[in-house]
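# Architecture at a glance
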Amino acid sequence: MSDEGKLRSVNRRQLIRAAGLAAGGLALGTSAGRAGPAQKPDPLITEVQDAARYLGDGVAAKPYGSPSKFEKHVIRRDVEWLTASRESSVNFTPLHELDGTITPSGLCFERHHSGVAEIEPDKHRLMINGLVDKPMVFTMSDLKRFPGRVNRAYFLECAANSGMEWRGAQLNGCQFTHGMVHNVVYTGIPLKTVLDEAGLKTNAKWLLVEGADAAAMTRSIPIEKALNDCLLVWGMNGEALRPEQGYPLRIVVPGWEGNMWVKWLRRIEAGDQPWQHREETSKYTDLLADGRSRRFTFIMDAKSVVTNPSPQAPLRFKGPNTLSGLAWSGRGTIKRVDVSLDGGRNWRSARIDGTPTPLSLTRFYVDFDWGGQELLVQSRAIDDTGYVQPTKSELRQVRGTNSIYHNNGIQTWLVKANGETENVEVS
Ligand SMILES: Nc1nc2c(c(=O)[nH]1)N[C@H]1C(S)=C(S)[C@@H](COP(=O)(O)O)O[C@H]1N2
Ligand SMILES: [Mo]
């Protein structure tokens, strides 16, 4: 018998023994046990669930799988009062329910300005025009035949993530304060490959990228960035892009604000200056205290958040607990994450999980003992350029309080003696 076989048979015998015990306990357990919270399940009794008595669904009962029905609470959520219509709106990634670094495709927050465009891939075209030697039009099949295909994990953060928190703590949950971020493995080709095919003229300094949705989302991207690490992608997490994420084609602009990652990409125009479109003038621009505006603020600075505990994921047990969170930087790789349990007085280094990759979410943990005292939980990200995530008051000193975008200030969660957790600020 193989080692694995032995193991399985031992487990099976234990299971049968447990079943004998449970049979006696069950009669009591079912009626009384589920009536009120007072009756705790006896940890020594293993209830035999129906799965051990009856056959389960056969294969292909569900040709495309979905999560367990017991995970129904793990969903994207929105904030009703935030936007005037469903079509120009946003929902949020349930960060407090996730672990590791990759965001499952169905839980990636969505932000669109004119709803989800439904595009037939066979009819879709990408045009390249403007300051190029050869204006060109590509089908999806053309793009998939380009050499140099890559798979890369990158975070996308909307510049408005945490924007509702500029003037003080507001939303109770990291899903709402920090959930406009996702981290996906993209499949595609370097944008440079396609630009080389069309031949950029020497005076081509900027690109206009345009979406095929009803908003025709457009942004200007400097040519250095476009040639450095931007990708044209058709895949996410090993399969086709989801419609919400730009099926069949999106541009990936690593480390830069999500607004520039145009979905349903249909056109790239080369020019000698930025286009000054709505999304880079009236929007995605921050009014400073002295009346001037910060513009073309492309890079997402280092940021982090403790996802557990957090308001939607309170502490439930005294004794050993695992604090967990996410850190990222649009300038490079996360080098260190510090965690404070007392509102920033004392800091300890968190354990970074695995080897962080550039411009991608990094998971951190702190294993700690909770004695039931109040905590003020904070995290502070440091990247490999030496940039240190600022406090909210440091940020406001430089940026004032008119801003919406680029709020990367340190988040504080108050954990109360009963474990309930709230969004607060410490000064
Ligand atoms: N064509 C198009 N691209 C778009 C948008 C849009 O409305 N239309 N929204 C932008 C904004 S503001 C953000 S933050 C990201 C959101 O990407 P996601 O929906 O994959 O989360 O897409 C960007 N690309
Ligand atoms: Mo955005």
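Our subject is the structure that appears above.
Residues numbered from 1 in each chain as written. Chains lettered and ligands numbered in written order. Predicted model: local features only at pLDDT ≥ 70, side-chain atom pairs only at ≥ 80, totals over all residues. Heavy atoms only, no water.

## What about empty space enclosed by the protein?
Evaluation of the coordinates by the stated rule reveals two cavities of 30 Å³ or more. Considered as a void within the structure, the largest cavity measures approximately 220 Å³ in volume. If you trace the largest cavity, you find 19 residues lining it, with Arg111, Arg250, Gly258, Trp261 and Lys263 closest to the centre. Classifying every residue of the lining of the largest cavity by side-chain character gives eight nonpolar, six polar and five charged. Computed from the structure, the second largest cavity encloses a volume of approximately 50 Å³. Of the residues in the lining of the second largest cavity, the class split is five nonpolar, three polar and two charged. Both of domain 2 (85-294) and domain 3 (303-424) provide at least three residues apiece to the lining of the second largest cavity. (1 Å grid on protein atoms, 1.4 Å probe; cavity = no way out; pocket = protein on both sides within 12 Å on 5 of 7 lines; lining within 4 Å. Points joined across faces, edges and corners; volume = space filled by probe spheres on them. Nonpolar A, V, L, I, M, F, W, Y, C, P; charged D, E, K, R; others polar. Domains from an automatic or database assignment.)

## Let's talk about unusual backbone geometry
Looking along the chain, the bond that leaves tyrosine 247 and enters proline 248 is cis, with omega of 10°. Residue proline 309 is bonded to the preceding asparagine 308 through a cis peptide linkage, with omega at 5°. Residue position: proline 309 is located in the loop between β15 (303-308) and β16 (319-328). The phi dihedral of alanine 60 falls on the positive side, at around 65°, and the residue is not glycine. Residue placement: alanine 60 occurs in the loop between α1 (3-33) and β1 (89-90). Phi is positive for tryptophan 264, close to 50°, though the residue is something other than glycine. Structurally, the position occupied by tryptophan 264 is in the loop between β11 (250-252) and β12 (265-271). (Helix = DSSP H or I, 4+ residues; strand = E, 2+ residues; numbered from the N terminus.)

## What about the site of ligand 1?
Neighbouring residues of ligand 1: 21 residues in total, closest Phe109, His113, Asp213, Arg250 and Lys263. Within the side chain of aspartate 213, an N or O atom sits 2.7 Å from a nitrogen atom of ligand 1. In isolation ligand 1 offers 540 Å² of accessible surface; the protein chains occlude 100% of this area. Using a 2 Å cut-off from the grid points, one finds that ligand 1 occupies the largest cavity. Broken down by class, the residue content of the shell around ligand 1 amounts to eight nonpolar, seven polar and six charged. (Near = heavy atom within 4 Å. Polar contact = N/O pair within 3.5 Å; in protein donor to acceptor, adjacent residues only side chain to side chain. Areas by Shrake-Rupley, 256 points an atom, 1.4 Å probe, with all protein chains shown as cover. Sits in = over half its atoms within 2 Å of the grid points.)

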